[in-house]
Amino acid sequence: MGWIELRIADGVEALELTVNLMGRETTIYPTLFWDEESVILVDAGFPGLEQQIREAIEMAGVSFDRLNKVIITHQDVDHVGSLPEILAKSQRKVEVLAHEVEKPYIQGDKPLIKADAAKRSKLFETLPEEQRKRLQAVFSNPPKAKIDRTIEDGEELPYCGGIIVIYTPGHTPGHICLYHKPSKTLVTGDALTANEGRLSGPNPSATYDMDEANKSVKKLAQYDIENVICYHGGVFKEDVQKRILQLTI
Ligand SMILES: [Zn+2]
């Protein structure tokens, strides 16, 4: 994806991070919101990406030292991963926000909801031993961070022109999406994915509760959406409202 696609509006950009994950390249898209007062990162990548995230923020024309909030859509390791390092390296106090239900998992007070499922999965069994050990280590000692503030369904965060929290359980029990009012942008987290370049519903193999996840897609369809940033899939701008409606059927 080029710069033009990643820039959604003034103060809204998808950050593109390509990483080599156990021999396979994968790209993730955290979101950056900013204005005069706030610089907000939504989701914090895999572990070990602090430098890459810092560079992506600077490439968007924003000083990393201005970062003052991180919103975590859910507990999965690919979303919390570099948060501890970002907090440790930041010059200023960075406030971390997440839904109440996700808080104990992100803080490490409860084991990650998918830790057991991942260890039992077929894919896991087929991995070479060294990779299996590395994964096991991540799950038994996942990246964690203190949540400073919990946010709830329908709450409008008074930052960057207004960001509405949409509680969308399913992928995990406390998953949230965000809706940026001025640019009509939906940040999906993992509530929506992409399949062969097409905006798609939640990925069943990675979803904790598929019924709930489908209900959450219906909830998203109620918003007036012009842009979508999909953590695993990137930016979608064409006919997104129509496409989300199709996904609810
Ligand atoms: Zn994910």
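I will try to describe carefully the structure that is included in this document. (Residues numbered from 1 in each chain as written. Predicted model: local features only at pLDDT ≥ 70, side-chain atom pairs only at ≥ 80, totals over all residues.)

Description of the pairing of strand E8 (residues 95–99)
A regular strand places its side chains so that they alternate between the two faces of the sheet.
Point 1. Inspection of the sheet shows strand E7 (residues 69–71) paired to E8 by three bridges, in the parallel sense. Along E8, the bridge assignment pairs lysine 69 with glutamate 95.
Point 2. With three bridges joining them, E8 and strand E9 (residues 149–151) adopt parallel strand pairing. Opposite leucine 97, over in E9, you have arginine 149 as the bridge partner. (Pairing = 2+ DSSP bridges. Helix = DSSP H or I, 4+ residues; strand = E, 2+ residues; numbered from the N terminus.)

Examining the environment of lysine 242
Point 1. Examined against the element boundaries, lysine 242 turns out to sit in helix H10 (residues 240–247).
Point 2. Taking the C-alpha atoms as reference points, lysine 242 and glutamate 13, 229 residues apart in sequence, are found 23 Å from one another.

Let's talk about the sheet that holds strand E12 (residues 176–180)
Point 1. Sheet architecture is open: six strands sit in the order E10-E11-E12-E13-E16-E17, paired in mixed fashion. On the outer flanks of this sheet lie strand E10 (156–157) and strand E17 (234–236), each paired with one strand and no other.
Point 2. Looking at chain direction, strand E11 (residues 163–167) and E12 are connected through five bridges and run antiparallel. Considered in E12, the bridge of isoleucine 164 is made with tyrosine 179.

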